Amino acid sequence: MRPTSLRVLAALAAANGMLMRRWDFVAAYLQGELQSCEVEYCHAPPGYATYGADGCPRVCLVEKPIYGMAQAGRRWQRS
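Residues numbered from 1 in each chain as written. Predicted model: local features only at pLDDT ≥ 70, side-chain atom pairs only at ≥ 80, totals over all residues. Heavy atoms only, no water.

Draft legend 1. Geometry of the overall build of the protein. What the protein contains, in helices and strands, is two helices and two strands. Traced from its N-terminal end to its C-terminal end, the protein shows the element sequence α-β-β-α. Relative to its full complement of 79 residues, the protein shows a buried share of 16%. If you take every contact in the protein between residues at least 6 apart in sequence, the share linking residues at least 24 apart comes to 56%. Carbon and sulfur atoms make up 56% of the accessible area of the protein, which totals about 6,700 Å². (Helix = DSSP H or I, 4+ residues; strand = E, 2+ residues; numbered from the N terminus. Buried < 20%, exposed > 50% of the residue type's maximum accessible area, 1.4 Å probe, protein only. Contact = heavy atoms within 4.5 Å. Areas by Shrake-Rupley, 256 points an atom, 1.4 Å probe, with all protein chains shown as cover.)

Structure (structure tokens):
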């Protein structure tokens, strides 16, 4: 969320006598960058899995922080 958008929401809440209690920055985690030393792999989602010649499912290299990763919050704050 942009700082300007946050200020507008806070101003609207204050003008209408509302309280702002919770924040959820789900999409913000995708804006960070993993460092080159952080290599993460995950399984493909159901329906997208592909299998190698040996019959084992392939894994995907994670290039951006994903919501729920331990590094996601730290990377978002540093970007």
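Draft legend 2. Just the state of the cysteines, in detail. Summed over the entire model, instances satisfying the criterion amount to zero disulfides. Counting only cysteine sulfurs, Cys42 is the nearest neighbor of Cys60, a cysteine outside any disulfide, at a range of 5.1 Å. A relative accessible area of 33% places Cys60 in the partly exposed class. (Disulfide = S-S within 2.5 Å.)

Draft legend 3. Representation of a nonpolar patch on the surface in the model. A contiguous nonpolar surface patch, about 400 Å² in accessible area, is contributed by Leu6, Val8, Leu9, Leu12 and Met20. Mapping Leu9 onto the fold places it in helix 1 (residues 3-15). In this structure Leu9 comes out as partly exposed when scored by relative accessible area, which is 39%. (Patch = residues over 30% accessible without salt bridge, like charges linked within 9 Å, V, L, I, M, F, W, Y side chains within 5 Å. Salt bridge = Lys/Arg side-chain N within 4 Å of Asp/Glu carboxyl O.)

Draft legend 4. Expanded view of helix 1. Across its 13 residues, helix 1 extends 18 Å between first and last C-alpha, which sits within 8% of the 18 Å expected from 1.5 Å per residue. Just downstream of helix 1 lies Gly17, where phi reads positive at about 70 degrees. (Expected span 1.5 Å × (residues − 1).)

Draft legend 5. Structural detail: the environment of Pro45. Along the polypeptide, Pro45 turns up in the loop between strand 1 (40-43) and strand 2 (59-62). Residue class for Pro45 comes out partly exposed when judged on its relative accessible area of 45%.

Draft legend 6. Highlighting the environment of Gly32. Along the polypeptide, Gly32 turns up in the loop between helix 1 and strand 1. In this structure the C-alpha to C-alpha distance between Gly32 and Lys64, which are 32 residues apart in sequence, comes to 6.7 Å.

Don't take any of this as a statement about function, it's just geometry.
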